[in-house]
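# Architecture at a glance
Spelled out from the first residue to the last, the chains are:
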Number of protein chains: 2
Amino acid sequence: MTTPTNQDGERRRGRRPGGTDTRAALLTAAREVFSEQGYDNATVRAIARRAEVDPAMVNHWFGGKESLFTEAVLELPFNPQERIAELAKGDLDTLGERVVRTFLTSWDVQDGGIFAALIRSVASRERVASALKEFFQRSVFGQLTEVADDSAELRANLLATQMIGLGVVRYVARFEPVASAGVEVLVKAVGPTVQRYLTGSID
Amino acid sequence: MTTPTNQDGERRRGRRPGGTDTRAALLTAAREVFSEQGYDNATVRAIARRAEVDPAMVNHWFGGKESLFTEAVLELPFNPQERIAELAKGDLDTLGERVVRTFLTSWDVQDGGIFAALIRSVASRERVASALKEFFQRSVFGQLTEVADDSAELRANLLATQMIGLGVVRYVARFEPVASAGVEVLVKAVGPTVQRYLTGSID
DNA sequence: GTCTATACAACGATAGAC
DNA sequence: GTCTATCGTTGTATAGAC
């Protein structure tokens, strides 16, 4: 790596002077751009331009567009991408049960309040709603069906219907007995549905 | 006793003098009491007392508490109870598909806006939200599983997860392809899930 | 006279107190 | 278990509108 410093018009390479917080600047810029443009339309370059840093900084600090979105907008206590990656490692025959188990243990924290807040955002007409929807459709539900050759999008949508519905009933509407049921009871009950949506016959 | 009495202390029987609108008075009173007390806690007697009429008038004008709630609070373009009664008539082996078909054809009107509005009410902290939740848990989802001897409540909740999730994805989040899919495609895909939740093995 | 909106009593179910 | 209170609902007689 060469580190020549020319003072005439070109940006200086290498580490910026102390005192600037690139990471925080990216988070602020990301929240603005995502809420203005939605998830798909927002570009990493536009976010970097708004933060007045190099686009490569997004990868350096957050590992990519998806993770930046997760950290800046969702502010979840877990990383969806990491959990999905874990799921993809296991046996395909037990994927349905594992999806339900991971879903419940992920959202069961804070009495389901985080999921409830998310649903309220999507249900209302907030600016972030479309960004949220795009992110979940593409990067969460879509991720698990990318192996499926045909009707992958339909499978992803069907998965979404069951998981979102489960979350709404347990965390938002709080119907009993599902609201207080143990995780494994719901894994047994809902797992086969998810398994079929992901790998079974749907027509 | 807050019922109106004449000079002798007896209530006048028979048709009231012209100009009184018992039906409208009940509707107004019902909206107030349901939003204050929720669905279960609100009593027909309390609503009638508020409207200053006899409790039997609820049955005469609306056919019962459920129908009064439907007309006063939900203001739907269809009657949930009637649709459910239709479903109960048919073959138990095809109940899953028929539930999905009836659900979709009922809410597909007005581009799903009525369902979306309902979800927004439940998600927000409106006063009517708890009444809505109680009504749907007891009188809609619960109605279809009252034949099941054991775990009827769990089955009703599971049914709710799938149907609410389907509605949220199709009418609120509007994920594609489910948002634009034909009814029969979704009947084939989701019907088996509902059938299992209603009549199959869930543990 | 006919129709019907009304009032009142009573029934079966259910939940809570004791 | 028993008792009590209250619920939603039903049956029926009647008063007033037509």
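These notes cover the structure that comes with them.

Rules and cut-offs
Residues numbered from 1 in each chain as written. Chains lettered and ligands numbered in written order. Predicted model: local features only at pLDDT ≥ 70, side-chain atom pairs only at ≥ 80, totals over all residues. Heavy atoms only, no water. Axes fitted to C-alpha atoms, helices over the stretch in contact; angles between N-to-C directions. Helix = DSSP H or I, 4+ residues; strand = E, 2+ residues; numbered from the N terminus. Parallel < 35°, antiparallel > 145°, perpendicular 65-115°, else oblique. Left-handed = near helix turned anticlockwise from the far one by under 90°. Contact = heavy atoms within 4.5 Å. Nonpolar A, V, L, I, M, F, W, Y, C, P; charged D, E, K, R; others polar. Buried area = accessible area lost by both parts, 1.4 Å probe. Salt bridge = Lys/Arg side-chain N within 4 Å of Asp/Glu carboxyl O. Polar contact = N/O pair within 3.5 Å; in protein donor to acceptor, adjacent residues only side chain to side chain.

We now examine the packing of helix H10 (residues 183-199) of chain A against helix H10 (residues 183-199) of chain B. Packed helices, taken two at a time, are described by their axes: the angle between them and the distance between them. Contact geometry of H10(A) with H10(B) gives a least axis separation of 11 Å together with a crossing angle of 160°. Judged by the inter-axis angle, H10(A) sits roughly antiparallel to H10(B). Relative to H10(B), H10(A) is oriented so that their crossing is right-handed. Here A:Lys188, A:Ala189, A:Val190, A:Pro192, A:Thr193, A:Arg196 and A:Tyr197 of H10(A) lie close against H10(B), whose contacting residues are B:Lys188, B:Ala189, B:Val190, B:Pro192, B:Thr193, B:Arg196 and B:Tyr197. Split into classes, the residues belonging to the contact of H10(A) with H10(B) amount to eight nonpolar, two polar and four charged.

Let us now look at the interface of chain B and chain A. Across the contact, 37 residues belong to chain B and 37 residues belong to chain A. Across the chain B/chain A interface, buried area totals approximately 3100 Å², and carbon plus sulfur atoms make up 65% of it. Interface area lost by chain B to chain A is led by B:Arg120, B:Thr161 and B:Phe175, which between them contribute 18%. Counting across the interface, chain B meets chain A through zero salt bridges. Along the contact surface separating chain B from chain A lie 18 residue pairs in polar contact (both at pLDDT 80 or more). Counting only elements with at least two residues in the side of chain B that touches chain A, the list comes to helix H7 (113-123), helix H8 (129-141), helix H9 (152-173) and H10 of chain B. Of the residues forming the side of chain B that touches chain A, the biggest block, 14 residues, is contributed by H9(B). Partitioning the side of chain B that touches chain A into residue classes produces 22 nonpolar, seven polar and eight charged.

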